[in-house]
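Structural overview for review
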Amino acid sequence: MSTIETRELNVYYGDEKVHALKNVEIKIEKNKVTALIGPSGCGKTTFLRSLNRLNELLGATTKGKVIIDGKDIYDGKEDVIQLRKRVGMVFQHPNPFPMSIYDNVAYGPRIHGVKKKELNGLVEESLRKAALWDEVKDRMQEIALKFSGGQQQRLCIARALAVNPEIILFDEPCSALDPVSTAKIEALLRELKHEYTIVIVTHNMQQAARVSDFTAFFLMGELIEFGETKELFERPRDKRTEDYITGRFG
Amino acid sequence: MAVRKEYIEDLEELKEKVLRMGELAKVAADNAIKALLQRDMELASKILKENSVIDDLEFEIENRCTRLIALQQPMAVDLRTIGTCMKIITDLDRISDLAGDIAEIVLQIADEPHVKPLIDIPRMSELSQGMISDCLNAFSEREIRMIEDFSERDNVIDALFDQVRRELMTIMIENPRGIRNASHLLFVALHLERIGDHACNIASRIIYMVTGEKRKLE
Ligand SMILES: Nc1ncnc2c1ncn2[C@@H]1O[C@H](COP(=O)(O)OP(=O)(O)OP(=O)(O)O)[C@@H](O)[C@H]1O
Ligand SMILES: [Mg+2]
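Let me begin by describing the structure that accompanies this report. Each chain has its residues counted from 1, running along the sequence as written. As they are written, the chains are lettered A onward and the ligands numbered 1 onward, keeping that order. Local features in this predicted model are restricted to residues whose pLDDT is 70 or higher, and side-chain atom pairs enter the listing and the counts only when it is 80 or higher, whereas totals over whole chains, interfaces and linings include all residues. Side-chain measures here rest on the full set of heavy atoms in the structure, leaving out hydrogens and waters.

A look at the packing of aromatic side chains
In this analysis, rings of Phe, Tyr and Trp, with Trp reduced to its six-membered ring, are considered paired at centre separations within 6.5 Å, and the interplanar angle assigns stacked below 30 degrees, edge-to-face beyond 60, and tilted for intermediate values. With the rule as written, the count across this model stands at 4 aromatic pairs over all chains. Sitting over the face of the ring of Phe97(A), Arg159(A) holds its NZ or CZ atom 4.2 Å from the ring centroid. By definition, being over a ring means that NZ of Lys or CZ of Arg is both within 6 Å of the ring centre and within 35 degrees of the ring normal. The residue whose ring lies beneath Arg4(B) is Tyr7(B), and the NZ or CZ to ring-centre distance is 3.9 Å.

Details of the site of ligand 1
Residue and element names in this part refer to chain A. We call a residue near a molecule or strand as soon as one heavy atom of that residue lies within 4 Å of the molecule or strand. In the vicinity of ligand 1 there are 14 residues, among which Ser40, Lys44, Thr45, Thr46 and His203 approach most closely. N or O atoms within 3.5 Å of each other form a polar contact, as long as, within protein, one can give a hydrogen and the other can take it, and as long as residues adjacent in sequence are counted only when both atoms are side-chain atoms. Measuring from an oxygen atom of ligand 1, one finds a backbone N or O atom of Cys42 at 3.2 Å. Thr46 places a side-chain nitrogen or oxygen 2.4 Å from an oxygen atom of ligand 1. We get accessible surface area from the Shrake-Rupley algorithm with a probe of 1.4 Å; when it comes to residues, only the shown protein chains can shield them. Within the complex, the protein chains bury 65% of what would otherwise be the 630 Å² of accessible surface of ligand 1. In this text, helices come from DSSP runs of H or I with a minimum length of four residues, and strands from runs of E with a minimum of two, each type numbered from the N-terminal end. Counting only elements with at least two residues in the shell around ligand 1, the list comes to β2 (18–29) and α1 (44–50).

Describing the pattern of salt bridges
Side chains bearing opposite charge may pair, as long as their charged atoms lie close to each other. Residues and elements named next belong to chain A. Any carboxyl oxygen of Asp or Glu that lies within 4 Å of a side-chain nitrogen of Lys or Arg is treated as forming a salt bridge with it. Applying the stated criterion to the full structure yields 42 salt bridges over all chains. Of the charged contacts in the structure, one is a salt bridge between Lys129 and Glu125, with a shortest N-O distance of 3.3 Å. Placement of both Lys129 and Glu125 in helix α4 (residues 116–129) is noted, with a separation of 4 residues, approximately one turn of the helix. Given a relative accessible area of 23%, Lys129 falls into the partly exposed group. One salt bridge connects Glu186 with Arg210, and the closest N-O pair in it is separated by 2.8 Å. In this pair, Glu186 sits in helix α7 (residues 179–192) while Arg210 sits in helix α8 (residues 205–211), placing the two residues 24 residues apart along the sequence. Buried residues are those whose accessible area, probed at 1.4 Å on protein chains only, stays under 20% of the maximum for their type, while exposed residues exceed 50% and partly exposed ones sit between those limits. According to the relative accessible area criterion, Glu186 is buried, its value standing at 4%.

Observations regarding the environment of Leu132(A)
All names here are of chain A. Summarising the element assignment, Leu132 is placed in the loop between α4 and α5 (133–136). A relative accessible area of 1% places Leu132 in the buried class. Between the C-alpha atoms of Leu132 and Gln153, which are 21 residues apart in sequence, the distance is 9.8 Å. Among residues more than four places away in sequence, those in contact with Leu132 are Leu127, Gln151, Arg154 and Leu155. Between two residues, a contact is recorded if the distance between any of their heavy atoms is within 4.5 Å.

A word on the pairing of strand β10 (residues 222–228) of chain A
When DSSP locates at least two bridges between a pair of strands, those strands are taken to pair. By the bridge criterion, 6 bridges tie strand β9 (residues 214–219) of chain A to β10(A) in an arrangement that is antiparallel. Bridged to Phe214(A) within β10(A) is Glu228(A).

Here we look at the interface of chain B and chain A
Contacts between the two partners involve 16 residues from chain B and, on the opposite side, 14 residues from chain A. Values labelled buried area give the accessible surface lost by two parts on being combined, using a 1.4 Å probe and summing over both. When chain B packs against chain A, close to 1200 Å² is buried across both sides, 53% of that on carbon and sulfur atoms. Contact with chain A buries surface across chain B, with Val3(B), Met75(B) and Ala76(B) losing the most and accounting together for 38% of the total. Across the contact surface, chain B and chain A share 7 residue pairs in polar contact (both at pLDDT 80 or more). Elements that contribute at least two residues to the side of chain B that touches chain A include exactly α1 (5–38) and α3 (76–109) of chain B. Considering each element in turn, the side of chain B that touches chain A owes the most residues, 4 residues, to α3(B). Across the side of chain B that touches chain A, the residue classes tally to 9 nonpolar, 2 polar and 5 charged. Gly falls in the polar group here, along with every residue not listed as nonpolar (Ala, Val, Leu, Ile, Met, Phe, Trp, Tyr, Cys, Pro) or charged (Asp, Glu, Lys, Arg).

Spelled out as structure tokens, the structure:
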């Protein structure tokens, strides 16, 4: 079952001077990890941001449809605040707020009006799901910026989970992390997909191969190939995909 | 512009090594039957001596494959190529071993007269040689046209083997003094039949390498 579907999705920046996404049509399945790969500037981040309408904050124009759970989020009737609650995002560089671990995770739920007495449980649950609880349970009031990059990134994941999203977008979540922290995040992604739909941008082809069920290859704003990860990396259909993933592409 | 220049050169070198090993295995199998037909003991001994060169190559190729996988994380056609190399060197090694087995038979037969004129055995050899050649070309050109009909070609070899076997069995029943020579020849034919099977294995691997499709040829 597809949970996200785009139709003739086009995104432009700066008075349509940059055509960043060109007629992208894709169906992203529920409770799967979908990886987006492609050279720098091909539109991966733009695509990700079109799924929770972050692009419009950056002055982008979007045409076409992004249908989430059967409803077009660009039809003018969508509540953007609610949308961004349903579609969470984790960025390349861990960006915790300059506050305590607890407050970082509680931030979203508080905004969305979660009752104080429910907060403790929710914070713990989110940190557990992000595989961070054991490392921080005795340090909840310490400022988040003191923790390691890998811990901060898992904190950001916990923060995204705390508002109970359906979909989580990851933009190169491991590119600033060491191999051990990377392995932890990858294991986490495989866990999280049972409850969430995950879309991840990565420049690391092996990472895409390891964590994702489906892979989409973008080139200059176009979706070139989309399919099961094990197929795409073993026998890509398009020559351009093959050139890219075998490194014959500069 | 091609990036990863060294990696691509390494892959090319790997392919050259496999082709070289294939060429040596093919020559060994060819010479084994030549030695049989010409009763050339020297040639037969040479095959046995040179077997170790092929063994060394197999070892080297395997190491290269492992290293490429470990260091370069190959994908797509590169991954299929390396996987194919790893697999087909086993078949090539078996072909050269079978050539060696034939050479040993040649040494044992020495000057003793054959129980029948050798017609089908050279024919089997010719067919299996053709299959090995086509494998090597297909591998080097990444072109599967010449190996897609291997099932049929292997059937011809199998049919020839059946024929040789029946003939030799009859001879053995009728003339017990011919058993020694006839059983030697029977083994030669069996080894040639096996070589055809290995060529089929190699061909299905090459089809996978080129197309990504797994097709069984037998
Ligand atoms: N805020 C923006 N304003 C103007 N142009 C932008 C903006 N963001 C992206 N672009 C342009 O849109 C195109 C796609 O950019 P995008 O960031 O989506 O690529 P990407 O695939 O994520 O690249 P990378 O792998 O480097 O992160 C590029 O040409 C980029 O310059
Ligand atoms: Mg990006």
